[in-house]
Amino acid sequence: MTLLTAQQVMDIIPNRYPIFFIDAVDELIPGEKIVCRKNVTINEQVFQGHFPGEPVLPGVYICEALAQAGSIPLLQMEGFQGKTAYLGGLNKVKFRQKVVPGDVLRLQVDIVKLRKNAGIGYGQAFVGDKKVAEAEMTFIIGAK
């Protein structure tokens with residue numbers, strides 16, 4: 001079930017094409033958790049140069065998708081609405097399996113720590129039931 005469409009997500013985060021990676025939000029608990037989707041298609045601009053003939057979604061794109069997902073539950077909290085969440089750091093990043101056109105990434109981010117203007121999230125990316133990547137992310141909340 002789609003809770004938020006891509007268009008509604010664009011009302012929350014500033015990212016736009018070609019660096020916008022959230023197609024739908026399926027679950028959202030402000031300040032706590034998000035589950036969303038990113039459809040990986042052969043039409044992605046990056047596939048023109050990232051292993052033509054054997055396209056693989058770069059890991060940095062998966063990290064960016066997790067960061068975009070993780071910013072949404074933070075920016076839906078009271079007091080943070082209308083602000084921007086900047087990625088302040090990545091730790092414990094692991095890539096476990098390649099992601100290719102036709103895959104649907106399920107992005108899950110749990111907010112594990114909150115401060116006055118920052119948060120830490122643990123993000124996981126799945127294709128089907130297989131975990132393909134994970135990372136700990138630090139977010140800094142700033143004015144738009």
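Residues numbered from 1 in each chain as written. Predicted model: local features only at pLDDT ≥ 70, side-chain atom pairs only at ≥ 80, totals over all residues. Heavy atoms only, no water.

**Overview of the side chain of K38**
Moving on, step 1. Mapping K38 onto the fold places it in strand β3 (residues 33–39).
Moving on, step 2. Within the local environment of K38, its side chain forms a polar contact with the side chain of E44, the two groups lying 2.7 Å apart. (Helix = DSSP H or I, 4+ residues; strand = E, 2+ residues; numbered from the N terminus. Polar contact = N/O pair within 3.5 Å; in protein donor to acceptor, adjacent residues only side chain to side chain.)

**Looking at the packing of aromatic side chains**
Moving on, step 1. Overall, the coordinates contain one aromatic pair when judged by the stated rule.
Moving on, step 2. Relative to Y61, the ring of F21 lies with its centre 5.2 Å away and its plane at 40°, an arrangement referred to as tilted. Taken together, the positions of F21 in the loop between α1 (6–10) and β2 (24–29) and Y61 in helix α2 (residues 59–75) put the pair 40 residues apart, joining distant regions of the chain.
Moving on, step 3. Accessibility expressed as a relative area gives 2% for F21, which makes it buried.
Moving on, step 4. Lying over the aromatic face of F126, R106 brings its terminal NZ or CZ to 4.3 Å of the ring centre. (Phe/Tyr/Trp six-rings, centres within 6.5 Å; stacked < 30°, edge-to-face > 60°. Buried < 20%, exposed > 50% of the residue type's maximum accessible area, 1.4 Å probe, protein only. Lys NZ or Arg CZ within 6 Å of the ring centre and 35° of its normal.)

**So, the sheet that holds strand β5 (residues 104–114)**
Moving on, step 1. Taken together, the seven strands give an open sheet; going across it, the order is β1-β2-β3-β5-β6-β7-β4, and neighbouring strands pair in antiparallel fashion. Both outer strands of the open sheet, β1 (4–5) and β4 (84–95), are each paired with one neighbouring strand and no more.
Moving on, step 2. Pairing of β3 with β5 involves seven bridges; the strand directions are antiparallel. By the bridge assignment for β5, I34 is matched with V109.
Moving on, step 3. Each of β2, β3, β4, β5, β6 (118–127) and β7 (130–142) is contacted by α2, which is oriented at about 50° to β5, the strand it contacts most. (Pairing = 2+ DSSP bridges. Contact = heavy atoms within 4.5 Å. Axes fitted to C-alpha atoms, helices over the stretch in contact; angles between N-to-C directions.)

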